[in-house]
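Fold and geometry: a report
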Amino acid sequence: MKLYQFETHCHTLESSNCGLVSGEQIVDGLKEAGYMGTFITDHFYSRFFQKRKLTHLDWEEQVDFFLKGYKAAKKRGDEIGIKVFLGLEVQAEDSPFEFLVYGPDEAFIKETGPFYKLSTKELYSLMHENGFLMFQAHPFRFGLSPENSRYFDGIEIVNAQPRNDSRNKRALEFAYRNDVLKIAGSDVHVKSDIGRSGIMLPKSVNSTQDFVDYYKEVKTPELIITYGI
């Protein structure tokens with residue numbers, strides 16, 4: 001069976017305070033590693049906009065700044081044949097938990113406003129009613145635990161970022177025990193993170209909506225192969 005390799009979790013220098021590799025460099029690295037595509041999931045939370053001193057701007061201008069990393073990656077991906085989709089890593093202001101969200105596009109973010117200010121329950125309700133998918137990132141990393149499973153669709157069972165112990169075995173056990181969707185990613189922050197993890201799909205996807213639809217249709221781990229260190 002032919003499999004298509006996708007990255008689901010990475011941060012850019014342009015749009016994450018913790019990112020040390022540009023969107024263009026990420027895409028170049030993924031091309032070299034044999035990936036079909038990637039999501040850019042920069043941190044969507046108040047600290048980004050505060051630290052970059054953007055809060056005096058109109059919301060649409062803030063979003064334009066936030067999307068610089070994604071757009072740089074998308075431009076490079078179009079040039080060299082890597083599919084680049086927009087994702088988000090959202091942290092609600094009432095919670096220490098972070099969620100990988102797949103579905104919101106630029107128009108949705110601009111129209112909806114800073115939805116990271118919602119509670120986790122409200123955030124999931126908004127994502128769910130719009131047909132998006134929401135996965136808790138690294139739920140067993142030090143000091144964290146899974147959120148109430150009513151407020152997410154799945155969890156990240158492999159987070160391969162080597163500078164934090166994400167206790168992936170515990171995440172995998174939790175996912176099977178609670179019958180939630182599973183995802184894996186490299187959690188790219190530096191160049192050496194590129195290509196450490198991701199998912200394999202037996203069919204290519206051409207848009208975020210394709211990705212969301214496939215996950216909702218299949219749900220079985222045999223057809224969404226996660227891998228990593």
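Okay, so let's go over this structure. What you see is a predicted model, and the numbers here were worked out from it, not measured in a lab.

Counting secondary structure elements, the protein contains eight helices and 10 strands. Taken over C-alpha atoms, the radius of gyration comes to 16 Å for the protein, in line with the 17 Å a tight globule of 229 residues would show. If one aligns the C-alpha atoms of the protein with their principal axes, the spans along those axes are about 50 × 40 × 35 Å. The 229 residues of the protein split such that 55% are buried.

Locating Asp78 in the fold gives a position in helix α4 (residues 68-80). Residue classification places Asp78 among the exposed positions, given a relative accessible area of 54%. Sequence spacing of Asp78 and Val27 is 51 residues, and the spatial spacing of their C-alpha atoms is 9.9 Å.

The complete set of buried residues in helix α7 (residues 168-178) reads Asn168, Ala171, Phe174 and Ala175. For α7, the arc enclosing every buried residue in end-on projection is 120°, short of the 170-degree limit, so these residues lie on one face. For α7, exposure combined with an orientation more than 90 degrees from the buried face picks out Lys169 and Arg177. Positioned one or two residues after α7, Asp179 has a phi angle of 55°, which is positive.

Summed over all chains, the structure comprises zero disulfides. The structure places no disulfide on Cys10, whose sulfur is separated from the nearest cysteine sulfur, that of Cys18, by 11 Å.

Residues Gly37 and Phe39 point to one face of strand β2 (residues 37-40) and Thr38 and Ile40 to the other, with burial holding for every one of them. In this structure, strand β1 (residues 4-7) lies alongside β2, joined through two bridges in parallel fashion. Within β2, the residue paired with Glu7 across the bridge is Thr38. For the segment spanning β1, helix α1 (residues 23-33) and β2, crossover handedness is right-handed. Taken together, the four bridges between β2 and strand β4 (residues 83-90) define a ladder with parallel strand orientation. Across the sheet, residue Thr38 finds its bridge partner in β4, namely Val84.

The subject of this paragraph is unusual backbone geometry. Residues other than glycine seldom take positive phi values, yet His138 does so here, at roughly 30°. Structurally, His138 is set in the loop between β6 (133-136) and β7 (154-159). Even without a glycine there, the phi angle at Asp179 is positive, about 55°. Secondary-structure assignment places Asp179 in the loop between α7 and β8 (181-185). According to the relative accessible area criterion, Asp179 is exposed, its value standing at 68%.

How each quantity is defined
- Residues numbered from 1 in each chain as written.
- Predicted model: local features only at pLDDT ≥ 70, side-chain atom pairs only at ≥ 80, totals over all residues.
- Heavy atoms only, no water.
- Helix = DSSP H or I, 4+ residues; strand = E, 2+ residues; numbered from the N terminus.
- Rg over C-alpha atoms; globule rule 2.2 N^0.38 Å.
- Buried < 20%, exposed > 50% of the residue type's maximum accessible area, 1.4 Å probe, protein only.
- Arc of directions from axis to C-beta.
- Disulfide = S-S within 2.5 Å.
- Pairing = 2+ DSSP bridges.
- Right-handed = clockwise from strand over helix to strand, strands pointing away.

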